[in-house]
Amino acid sequence: MTHWNRREFAAMLMAGALRAGAPEKKFPTEPRRRLAVATYPFRQKIGAGVTLGEFAKTIPVEFNVPGIEPWSHHFQSTEAGYLHDLRKTFDDAGVHVVNIPVDIRANLCGNDEERSKTLQAYHEWAEAAVILGSPSIRVHLPRAERQNEMECAVNGLKAVAEYGRGKNIVIDLENDDPQSEQPERIVRVIKAVKSPFLRALPDFANSMVIHNDRNYNQQAMSLLFPLAYNISHVKNMLQDGKTIYRVDVDPIFSIAKEVHYKGYFSMEWDAAGDPYEGTKQLIQASLRSLG
């Protein structure tokens, strides 16, 4: 991995194409109001007798934070009527959406028909984000044959980001899949697209799966946080099968602070055990680091 001076890297990016026409959102500064609960860790509960709206109502009481990051699989529909009803439920509960992680079977690097269907699906989720007041959606970095992988990723995501620009919705790329969403690859694609509406979503622990090395993981965060806009995933551990990867969140929060990241932090507990207790632990660790 290339070693970067975080301050210089952030300054270089923000002085260039990412500054022009950037999305405008005023983020809260009080630490607790910057926090959100991801619904992904509660996938055994939501949909199995509990709706997304019902779960949202418990967040202020159970976790005492105002943000929710609803996973796409937890939506019953992307129809406007359902989404408007869901928005009212969120508003009445006192929670707001910080991002929508979109996990769908999609292929921006497929044939023309596949690409068209994928763009249409991402457009629908961008429209959902507008209704729900979410600043962004997270999509996956596409893969293709090696000889044209970068070209198709850049062209496809440029089209998605341009649609997002028209809706004032940011498109985020996360260091999620260790096989295709390495931090270095995310940076190359974002820099090639040159859109302020295509940004990074730094996950605190996912890159540990690439190299079980905390120094590597912190270098990954140093690459991604200068490109982040509104959302990051907080983890202090990640369980992959029987392997548990652990990280220290304090240095990662320091990286975010050093590059003047102003967005939200979403708690995404991703290990065995009680997700309620794990999420509460992450909230307390976040408040200590942000306080």
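Structure first, text after, so check above.
Quick look at the structure, then. (Residues numbered from 1 in each chain as written. Predicted model: local features only at pLDDT ≥ 70, side-chain atom pairs only at ≥ 80, totals over all residues. Heavy atoms only, no water.)

Read across the sheet, five strands follow the order E3-E2-E1-E11-E8 without closing on themselves; strand pairing throughout is parallel. In this open sheet, the two strands that pair with only one neighbour each are strand E3 (96-97) and strand E8 (231-234). Each of strand E1 (35-38) and strand E2 (67-69) is contacted by helix H2 (residues 52-63), which is oriented at about 140 degrees to E2, the strand it contacts most. (Pairing = 2+ DSSP bridges. Helix = DSSP H or I, 4+ residues; strand = E, 2+ residues; numbered from the N terminus. Contact = heavy atoms within 4.5 Å. Axes fitted to C-alpha atoms, helices over the stretch in contact; angles between N-to-C directions.)

For helix H7 (residues 214-224), every residue scored as buried is listed here: Tyr-216, Asn-217, Ala-220, Met-221, Ser-222, Leu-223 and Leu-224. Of the residues that open H7, the one with a side-chain oxygen 2.8 Å from the backbone nitrogen of Asn-215 is Asp-213. (Buried < 20%, exposed > 50% of the residue type's maximum accessible area, 1.4 Å probe, protein only. Polar contact = N/O pair within 3.5 Å; in protein donor to acceptor, adjacent residues only side chain to side chain.)

Glancing now at the state of the cysteines. Going through the model one piece at a time under the given rule, you end up with one disulfide. In this model Cys-109 forms its disulfide with Cys-152; the gap between the sulfur atoms is 1.8 Å. Its S-S torsion of approximately 80 degrees makes the covalent link between Cys-109 and Cys-152 right-handed. With Cys-109 in the loop between strand E4 (100-101) and helix H4 (112-132) and Cys-152 in helix H5 (residues 149-167), the pair connects residues that are 43 residues apart, well separated along the chain. (Disulfide = S-S within 2.5 Å.)

Take the side chain of Thr-279 next. With respect to the helices and strands, Thr-279 occurs in helix H9 (residues 275-290). A relative accessible area of 0% means that Thr-279 is categorised as buried. For Thr-279, the side chain forms a polar contact with the main-chain oxygen of Pro-275, separated by 2.7 Å. Aside from chain neighbours lying at most four places away, what touches Thr-279 is Val-37, Phe-42, Phe-63, Met-267 and Trp-269.

In this section: the pairing of strand E6 (residues 170-174). For E6, the tally of buried residues reaches five of five residues, placing the bulk of the element in the interior. The side-chain alternation of E6 yields two buried faces, one formed by Val-170, Asp-172 and Glu-174 and the other by Ile-171 and Leu-173. Of the pairings in the sheet, the one linking strand E5 (residues 136-139) to E6 comprises four bridges and is parallel in character. Considered in E6, the bridge of Val-139 is made with Leu-173. Bridge analysis of E6 against strand E7 (residues 198-201) gives four bridges, and the strand direction is parallel. Across the sheet, Leu-173 pairs through a bridge with Ala-200, a residue of E7. Remark: the E6/helix H6 (residues 183-193)/E7 crossover connection has right-handed handedness. (Right-handed = clockwise from strand over helix to strand, strands pointing away.)

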